[in-house]
Amino acid sequence: MSDEIFYRSFLNRDRLVHICDPDLQTCEQLSLLFRLEGFQTTFSVNLTGFLATLERRRPDVVVANF
């Protein structure tokens, strides 16, 4: 693994990506991809679940498909 890839992933470790999609499998697959890049992830399959997670921690990025 090159130093550049490691360094970039290291910078992402405190970033939270929230994925919103009604399809659970899509949420899990996107979550895996973002985690491989070093991001923290959460996901929800409905809007009420997403709004509930906003009270705990505000995400840096939201990927939504509603």
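Our subject is the structure that appears above.
Predicted model, so just to flag it, every value in this text is computed and none were measured.

Caption draft 1: Here's a closer look at the sheet that holds strand S3 (residues 61-64). Taken in spatial order, the 3 strands of this open sheet run S2-S1-S3, and their pairing is parallel. The outermost strands of the open sheet, each flanked by one partner alone, are strand S2 (40-44) and S3. Neighbour-to-neighbour, the strand axes of this sheet turn through a mean angle of 20 degrees, independent of strand direction. Each of strand S1 (16-20), S2 and S3 is contacted by helix H2 (residues 24-36), which is oriented at about 170 degrees to S2, the strand it contacts most. Sitting on the sheet, helix H3 (residues 47-56) touches S1, S2 and S3, and the angle it makes with S1 is about 160 degrees.

Caption draft 2: Region of the structure containing the pairing of S2. For S1 and S2, the ladder comprises 5 bridges, and the chain directions are parallel. Across the sheet, Ile19 pairs through a bridge with Phe43, a residue of S2. You can see the chain leave S1, run along H2 and come back into S2, and the turn it takes is right-handed.

Caption draft 3: How the structure looks around the pairing of S1. Summarising burial for S1: 5 of the 5 residues are buried, a large majority. Burial along S1 is two-sided: the residues Leu16, His18 and Cys20 and Val17 and Ile19 are all buried.

Caption draft 4: Region of interest: the packing of aromatic side chains. Counting across every chain of the model gives 1 aromatic pair. For the ring pair Phe34 and Phe39, a centre distance of 5.9 Å and an interplane angle of 85 degrees mean the geometry is edge-to-face. Relative accessible area serves as the criterion here: at 22%, Phe39 is assigned to the partly exposed category.

Caption draft 5: Fine view of H2. For H2, with 13 residues, the first-to-last C-alpha span of 19 Å sits near the 18 Å given by 1.5 Å per residue. The first or second residue beyond H2 is Gly38, which carries a positive phi of 100 degrees.

Quick notes on the rules
Residues numbered from 1 in each chain as written. Predicted model: local features only at pLDDT ≥ 70, side-chain atom pairs only at ≥ 80, totals over all residues. Heavy atoms only, no water. Pairing = 2+ DSSP bridges. Helix = DSSP H or I, 4+ residues; strand = E, 2+ residues; numbered from the N terminus. Axes fitted to C-alpha atoms, helices over the stretch in contact; angles between N-to-C directions. Contact = heavy atoms within 4.5 Å. Right-handed = clockwise from strand over helix to strand, strands pointing away. Buried < 20%, exposed > 50% of the residue type's maximum accessible area, 1.4 Å probe, protein only. Phe/Tyr/Trp six-rings, centres within 6.5 Å; stacked < 30°, edge-to-face > 60°. Expected span 1.5 Å × (residues − 1).

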